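Listed below are the residues making up each chain.
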Amino acid sequence: MGIPVAQISAMPVLALGAGANRVVRGVRIEHVCGDPNLSPEADEQLMTRIVEAALRALRTPVTGPTLFEPAPAQGAVRV
Amino acid sequence: MIRIVHYLNQFFGGVGGEEHANHQIEVREGAVGPGRALQAALGDAGTVLATIVGGDNYAGEHRDEALAAVRRALEGLRPDVVVAGPAFDAGRYGSACGAVCTLAGELGIPAVTAMHPDNPAVAVYRRVYTVPTAASAIGMADALPRLARLALKLGRGEELGPAALEGYLPRGVRRYVERPRPAYERATDMLLARLHGRPWVSEVGVQAYEAVPPAPPLESLRGAKIGLVTSGGLVPKGNPDRLPSGNVRDFFRYSIAGLDTLSVGEWECVHGGFLTNVVNTRNPAYVLPLPVMRAKERAGEVGSIYPYYFATVGNGTAVTNAKRFGQAIARELKEAGVRAVVLVAT
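A quick note: this is a predicted structure, and the numbers were derived from the prediction, not measured.

Novice: Where do I start with the overall build of chain A in this structure?
Specialist: Along the backbone of chain A there are 2 helices and 3 strands. Each helix and strand of chain A, ordered N terminal to C terminal, gives the series β-α-β-α-β. With 79 residues in all, chain A has 41% of them scored as buried.

Novice: I keep staring at the packing of helix α2 (residues 40–58) of chain A against helix α10 (residues 290–298) of chain B and nothing clicks. Help me out?
Specialist: Two measures define how a pair of helices packs: the angle their axes make with one another and the distance between the axes. Running from amino to carboxyl end, α2 of chain A crosses α10 of chain B at an angle of 65°, the nearest separation of the two axes being 9 Å. Classified by chirality, the crossing of α10 of chain B by α2 of chain A is right-handed. In contact with M47, T48, V51 and L55 of chain A of α2 of chain A, α10 of chain B contributes V292, M293 and K296 of chain B. Looking at the contact of α2 of chain A with α10 of chain B, its residues break down into 5 nonpolar, 1 polar and 1 charged.

Novice: Mind showing me how you'd approach the sheet that holds strand β7 (residues 225–230) of chain B here?
Specialist: In a beta sheet, neighbouring strands pair by backbone hydrogen bonds and run either parallel or antiparallel. Ordered by their spatial adjacency, 7 strands build an open sheet running β3(A)-β2(A)-β1(A)-β12(B)-β7(B)-β11(B)-β9(B), and the pairing between neighbours is mixed. Single-partner strands in this sheet number two, and they are β3 (66–68) of chain A together with β9 (252–255) of chain B. When strand polarity is set aside, the average angle formed by the axes of neighbouring strands in this sheet is 30°. Pairing between β9 of chain B and strand β11 (residues 304–311) of chain B: 4 bridges, direction antiparallel. Bridged to Y254 of chain B within β11 of chain B is Y309 of chain B.

Novice: Help me understand the sheet that holds strand β2 (residues 26–29) of chain B in this model?
Specialist: Residues and elements named next belong to chain B. Spatially, β2-β3-β1-β4-β5-β6 is the arrangement adopted by the 6 strands of the open sheet, whose pairing is mixed. Strands with a single pairing partner mark the edges of an open sheet, and in this sheet they are β2 and β6 (129–132). For this sheet, the mean inter-axis angle between neighbouring strands, taken without regard to orientation, is 25°. In this sheet, strand β4 (residues 81–84) lies alongside strand β1 (residues 2–9) in parallel orientation, the contact comprising 4 bridges.

Novice: When you look at the interface of chain A and chain B in this model, what are you seeing that I'm missing?
Specialist: The parts lose accessible area when they come together, and the size of an interface is often stated as this lost area. Facing the 34 residues of chain A at the interface are 39 residues of chain B. When contributions to the side of chain A that touches chain B are tallied by element, the ones reaching two or more residues are β1 (5–9) and α2 of chain A. In terms of residue count, the dominant contributor to the side of chain A that touches chain B is α2 of chain A (7 residues). Taken together, the residues of the side of chain A that touches chain B sort by class into 21 nonpolar, 11 polar and 2 charged. As defined by bridge partners, β1 of chain A adjoins strand β12 (residues 338–345) of chain B across 5 bridges and the pair is classed as parallel. Across the sheet, residue A6 of chain A finds its bridge partner in β12 of chain B, namely V342 of chain B.

Novice: In this structure, what is going on with the environment of S9 of chain A? I would like to understand it.
Specialist: Position of S9 of chain A among the secondary structure elements: in strand β1. The exposure class assigned to S9 of chain A is buried, which follows from the 24 C-beta atoms found within 10 Å. Along the primary structure S9 of chain A and G26 of chain A are separated by 17 residues, whereas in three dimensions their C-alpha atoms are 4.9 Å apart. Contact partners of S9 of chain A, with chain neighbours within four places excluded, come to L14, A15, V23 and G26 of chain A together with A345 of chain B.

Reading the values: the criteria
- Residues numbered from 1 in each chain as written.
- Chains lettered and ligands numbered in written order.
- Predicted model: local features only at pLDDT ≥ 70, side-chain atom pairs only at ≥ 80, totals over all residues.
- Helix = DSSP H or I, 4+ residues; strand = E, 2+ residues; numbered from the N terminus.
- Buried ≥ 20, exposed ≤ 12 C-beta atoms within 10 Å, placed from the backbone.
- Axes fitted to C-alpha atoms, helices over the stretch in contact; angles between N-to-C directions.
- Left-handed = near helix turned anticlockwise from the far one by under 90°.
- Contact = placed C-beta atoms within 7 Å.
- Nonpolar A, V, L, I, M, F, W, Y, C, P; charged D, E, K, R; others polar.
- Pairing = 2+ DSSP bridges.

See below:
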């Protein structure tokens, strides 16, 4: 029996298409787990939200390729 | 008249069944067993000079001695082409055929074999010309004429065309050829056929990805050992193992024991598929989020981080190699009691 893997990918469509079962949306290929354009504090919080999505994926039963979105930043407003 | 040497195993060579699988290499004059039907298929264009008979176990377990004997026979007989099998779905026989054909190639003698596409030897001897057959000797009558045709072509020194046209299994070899019509015309025709529900054939085979059933989740990550993997090509500064920037055939493991952060200047990203200056000058953790994983470890949200991370480069990585990496990494992690992995894929 395999080990559950949470795959953080900046191109989740490709990862899902290749059959990866737990895919977490990353930021950009050049900086998958963060964003250098943010303040260091916001960047670290972003990396934390991405990792937390990965850890959540590892605890979630899935039946096939599934995308996990990192939680939105605090203070983010849905428009 | 093309001169042929035919390789058969102990069964088709008429020695006996499994109890004779240790039969040593024997050279007989002329055609033997199915070689006679092969001779009939060759007609006047070719002649089976001699038949080399080898036991499947002998050829497998005493490979060097067996091949040395085959080499001596071929050097003496100097045929125009070597034909091995058909081996159908017999793995040891297929393996012996593949090895004999490879040896012939080394001696400058063209060679061709035949076996079922799922014979495990096909994957091992991909470069050997292999005619596809049925899974059992029921397919002998069907296979021999196709095998004879290719044997004659090869024996005459003719180059074979593409696998699909000539009737052999694709070898993974790509050659430049000129086509009579430009690509945009062929592509448009293909698209129109597809839209109209007419049959169409892709010029380039598209590999279907294997569907891997998801591993069950962990109820809780508290106390669990987590492994970190990256295909972002992050390696210690200096790239000590010379991980290439693309088309890699290896992965490496590097120690992160006792490390809480990845400092700029101590690591480098060697991935050749994207601009690496952000990772290299701002934060190596962008492709390996160690600092956050350590924070989770300190907070008790995860048990511990495996003390090594695995690095490869996801740039033009062949699927077969990627599978091999995954299996090897999983083996090591499972042995170490690691129960989940966070993988950063660029």
